[in-house]
Amino acid sequence: DEMNREHIVGDNFLHLHEATMLAHAGLNKSDIAYASFESGFYETPYFIVVDREWKSIVLSIRGSLTLEDCVVDVLLDPSPLDALGEKYGFDGSDQYCHGGVMECTNWLHADLMKHKILEKLLLDPNAEYSGYTLRVVGHSLGAGIGVILSLMLRNTFPNLRCTCYS
């Protein structure tokens, strides 16, 4: 089993994060495409699962839980979205984002780009789930990250759906 665990990052040696995620979300191990349980000031845990019933690839972003998350929550300096909008094709003029949310979004986006999991699942010529919809979900801090991340991913994944709550 350890040989097939490269798609799960940052869990402890007992795999408690994975077990908890599977139990609470009602998932099977085969549903997990990727999970990052790394947590720090800007590293935000997230996972990507295959929802065969809804024909969706779901990117779920955890909300505030740790002391580091609480510190990020109070990083209130606004980050302008002008340049981000120009880069990713949305109108960010005179729009701002919570500074801590922006830093976490940048980390998560970079991690997604490094691993190319979404591209492999949805866009590659031999992608197993090419007809599926990308769904981004998040709660609390994860909701803010999910909204900005969705703006960044929308041109690459035009059928993307974002559902967030706090």
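Structure: see above.
The rules behind each value
By convention here, each chain's residues receive numbers from 1 onward along its written sequence. Local features are withheld for residues below a pLDDT of 70 in this predicted model, meaning they are given only at 70 or higher, and side-chain atom pairs are given and counted only at 80 or more; totals for whole chains, interfaces and linings count all residues. Side-chain numbers come from the whole structure's heavy atoms, not from hydrogens or water. For the purposes of this entry, the term helix denotes a DSSP run of H or I that reaches at least four residues, the term strand denotes a run of E that reaches at least two, and both are numbered from the N terminus. Computation of the radius of gyration draws on C-alpha atoms, with the globule rule given as 2.2 Å multiplied by the number of residues to the power 0.38. Only protein chains enter the area calculation, which uses a 1.4 Å probe; residues under 20% of their type maximum are buried, those over 50% are exposed, and those in between are partly exposed. Working rule for contacts: check all heavy atoms of both residues, and any pair within 4.5 Å makes them a contact. Accessible surface area values rest on a Shrake-Rupley calculation with a 1.4 Å probe, where residue burial reflects the displayed protein chains alone. The sign given to each residue is positive for Lys and Arg and negative for Asp and Glu; His and the chain ends receive no count. Here the site of a charge means atom NZ of a Lys, CZ of an Arg, CG of an Asp or CD of a Glu. A 3.5 Å cut-off defines polar contacts: any pair of N or O atoms within that distance qualifies, except that in protein one atom must be a possible hydrogen donor and the other a possible acceptor, and neighbouring residues in sequence count only when both atoms are side-chain atoms.

A. Structural detail: the overall build of the protein. Looking only at helices and strands, one finds 6 helices and 8 strands in the protein. Secondary structure of the protein in N-to-C order comes out as β-α-β-β-β-α-β-α-β-α-α-β-α-β. Over its C-alpha atoms the protein spans a radius of gyration of 16 Å, differing by no more than 12% from the 15 Å that the globule rule assigns to 166 residues. Each principal axis of the C-alpha distribution contributes one length, and for the protein these read about 50 × 40 × 25 Å. Going through the 166 residues of the protein one by one, you find that 45% of them count as buried. Here the contacts in the protein between residues at least 6 apart in sequence split such that 58% fall between residues at least 24 apart. Accessible surface for the protein amounts to roughly 9,200 Å². Of this, 55% is attributable to carbon and sulfur atoms. Averaging the locations of the 12 positively and 23 negatively charged side chains of the protein gives two centres separated by 7 Å.

B. The arrangement of the side chain of S150 in detail. With respect to the helices and strands, the residue S150 is situated in helix α6 (residues 141-153). At 2.7 Å, the side chain of S150 and the backbone oxygen of G146 are in polar contact. Those residues in contact with S150, other than ones at most four positions away along the chain, are V136, L160 and C162.

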